[in-house]
Amino acid sequence: MSNIKCIGILTSGGDAPGMNAAIRAVTRAAIYHGMNVKGIYRGYKGLITNEILDFKTQDVSNIIQRGGTILKTARSEEFRTIEGRAKAYENMKAHGIDALVVIGGDGSLTGARIFAQEYDIPIIGLPGTIDNDLYGTDSTIGYDTALNTIVSAVDKIRDTASSHDRLFFIEVMGREAGFLALNGAIAGGAEAAIIPEYMFEKDQLAETIENGFRKTKNSSIVLVAESELTGGAMGVAERVKKEYPQFDVRVTILGHVQRGGTPTANDRILASRMGVAAIDALMEDQRNVMIGIDNDKIVYVPFSKAIKEHKPIDAKLVDDLHMLSI
Ligand code: ATP
């Protein structure tokens, strides 16, 4: 059994719906097991500038349904430096914090890994990002909500697309990962998804058009993952204007609407389970692992794997989308 008496919790990087449900679960599970909890505001930045407050069970009341993060989030250049991390460690010790729970994406977990190694502190990571791009977990906190937001936007855009016989390119988030675009396309009944994982494998735009799209339909929707590799929806639309001028093309960039909003039940449940698991992990003397979900079971994924390994896209899903869009 560990002798951790006080944990600190922070959210870092981009906000994601369900982060509040995770903060609530971590806080309450820790208090349930007799630990003190400190809320660290604005991620690593607040750890350096000492924005640290006591968290009691009522501090996390009435937040499970709220998007964003009550702890605020930030990006901190200073935390990337040895001096910045030294300040962060001093503040941690001054507040009596023995262990950290970090909720964020791969950048945040990279920072956590370096900090944990430098100061020999137990840190548990929770995958908080809408991109679903962390290896070792079937889903990340916020992904399901973002996916549902995308699908409801696709449904609305389809009304216009079909009324005008138009070809719509809808850009979704995901940076270097096509999970939102691919699954958003499947759930939204879109004709295709252009994703970074397949950029070097085939010409996805040419394939989509050559496969007879618009031969059987009067409108088409293609989801494009925001990425330098895909060129984004604007880049793809420019290409269509040049190479296939017969199409009436429109672009919609969904942008930050994908990050906000009330978390879905799935995200709240995932965040709650992962939050409890973070405290379980600390009590089992686990350190420097990310909590993941694999086949509906909680798993511990070493930071090194979660960050470094590339989470593959399921090739079968790409085939399924192709088949279903005839
Ligand atoms: P999202 O997936 O939403 O972008 P993220 O966690 O990947 O979230 P980043 O901006 O990449 O977001 O990282 C968040 C913070 O983590 C950075 O501002 C920085 O403070 C810290 N961080 C990232 N990489 C490192 C690193 N190599 N060393 C130290 N700290 C880092």
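Criteria and cut-off values
- Residues numbered from 1 in each chain as written.
- Predicted model: local features only at pLDDT ≥ 70, side-chain atom pairs only at ≥ 80, totals over all residues.
- Heavy atoms only, no water.
- Core = buried A, V, L, I, M, F, W, Y, C linked by side-chain atoms within 4.5 Å.
- Buried < 20%, exposed > 50% of the residue type's maximum accessible area, 1.4 Å probe, protein only.
- Helix = DSSP H or I, 4+ residues; strand = E, 2+ residues; numbered from the N terminus.
- Contact = heavy atoms within 4.5 Å.
- Near = heavy atom within 4 Å.
- Polar contact = N/O pair within 3.5 Å; in protein donor to acceptor, adjacent residues only side chain to side chain.
- 1 Å grid on protein atoms, 1.4 Å probe; cavity = no way out; pocket = protein on both sides within 12 Å on 5 of 7 lines; lining within 4 Å.
- Sits in = over half its atoms within 2 Å of the grid points.
- Nonpolar A, V, L, I, M, F, W, Y, C, P; charged D, E, K, R; others polar.
- Expected span 1.5 Å × (residues − 1).
- Arc of directions from axis to C-beta.
- Axes fitted to C-alpha atoms, helices over the stretch in contact; angles between N-to-C directions.
- Parallel < 35°, antiparallel > 145°, perpendicular 65-115°, else oblique.
- Left-handed = near helix turned anticlockwise from the far one by under 90°.
- Salt bridge = Lys/Arg side-chain N within 4 Å of Asp/Glu carboxyl O.
- Points joined across faces, edges and corners; volume = space filled by probe spheres on them.
- Pairing = 2+ DSSP bridges.

A. Quick look at the nonpolar core. Counting residues in hydrophobic clusters, the biggest one holds 67 residues, and the most contacted among them are I7, L126, L180, I221, L223 and I279. The greatest single-element share of this core, amounting to 9 residues, is contributed by helix α9 (residues 265-283). Those residues within four positions of L180 in sequence are excluded, and the remaining contacts are I130, D131, Y143, A146, L147, I150, V172, M173, G174, A185 and L223. Among the nonpolar cores identified, the runner-up in size contains 24 residues, and I40, Y44, V102 and A116 belong to it.

B. Structural detail: the site of the ligand. Lining the immediate surroundings of the ligand are 18 residues, of which R75, S76, G107, S108 and R175 lie closest. Within the backbone of G14, a nitrogen or oxygen atom sits 3.1 Å from an oxygen atom of the ligand. With respect to the ligand, the side chain of R80 contributes an N or O atom lying 3.3 Å from a nitrogen atom. Structurally, the ligand is housed in the largest pocket. Ranked by the residues each element gives to the shell around the ligand, the list is headed by helix α4 (residues 106-119), at 6 residues. Among the residues forming the shell around the ligand, the class breakdown is 3 nonpolar, 10 polar and 5 charged.

C. Structural view of helix α3 (residues 82-94). For α3, which comprises 13 residues, the first-to-last C-alpha distance of 18 Å matches the rise-based estimate of 18 Å (1.5 Å per residue) to within 8%. Where α3 is concerned, the buried positions are G84, R85, A88, N91 and M92. Projected onto a plane normal to the axis of α3, the buried residues spread over an arc of 120 degrees and lie on a single side. When the buried face of α3 is taken as reference, the exposed residues oriented beyond 90 degrees from it are I82, E83, E90 and A94. Contacts made by the buried residues of α3 are with α2 (43-49), β3 (52-55), β4 (99-104) and α4. Phi turns positive, to about 70 degrees, at G96, one or two residues after α3.

D. Examining the packing of helix α5 (residues 143-164) against helix α6 (residues 179-188) more closely. Where α5 meets α6, the closest approach of the two axes is 9 Å, and the angle between their N-to-C directions is 50 degrees. As summarised for this structure, α5 and α6 are arranged oblique, according to the angle between their axes. The crossing of α5 and α6 is right-handed. Taking contact as the criterion, the partners of Y143, A146, L147, I150, V151, V154 and R158 in α5 are, on α6, F179, L180, N183, G184, A187 and G188.

E. How the structure looks around the pattern of salt bridges. According to the stated counting rule, one finds 14 salt bridges in the structure shown. Among the salt bridges present, the one from D296 reaches R273, with a minimum N-O distance of 2.9 Å. Here D296, found in the loop between β10 (289-294) and β11 (297-302), pairs with R273, found in helix α9; they are 23 residues apart in sequence, far enough to count as distant. Owing to a relative accessible area of 52%, D296 belongs among the exposed residues under this scheme. Given the relative accessible area of 31%, R273 is considered partly exposed. Each of R166, D248 and R250 takes part in a single network of salt bridges with overlapping partners.

F. Examining unusual backbone geometry more closely. Positive phi is not limited to glycine here, since R42 has a value of about 60 degrees. One can find R42 in the loop between β2 (36-40) and α2. Classification of R42 as partly exposed rests on a relative accessible area of 30%. Non-glycine residue D296 carries a positive phi angle of around 70 degrees.

G. Summary view of helix α8 (residues 232-243). The end-to-end C-alpha distance of α8, which contains 12 residues, comes to 17 Å, matching closely the 16 Å that a straight helix rising 1.5 Å per residue would cover. When we look at burial in α8, the residues that qualify are G232, A233, V236, A237 and V240. Against β6 (167-172), β7 (192-194), α7 (204-210), β8 (220-225) and β9 (249-253) lie the buried residues of α8.

H. Fine view of the layout of surface pockets. Its boundaries defined by the atoms lining it, the largest pocket holds a volume of some 570 Å³. Among the elements that take part in the lining of the largest pocket, α4 stands out by supplying 6 residues, more than any other. Residue composition of the lining of the largest pocket, by class: 7 nonpolar, 13 polar and 10 charged.

I. Fine view of the sheet that holds strand β1 (residues 6-11). With mixed pairing, 7 strands are arranged side by side in an open sheet as β3-β2-β1-β4-β5-β10-β11. Either end of the sheet is taken by a strand with one partner, and the two such strands are β3 and β11. With strand direction ignored, the average angle separating the axes of adjacent strands in the sheet is 30 degrees. Inspection of the sheet shows β2 paired to β3 by 4 bridges, in the antiparallel sense. What sits directly across from G39, in β3, is L53. The sheet contacts of α4 involve β4, β5 (123-127) and β10, and relative to β4 the element is tilted by about 160 degrees.

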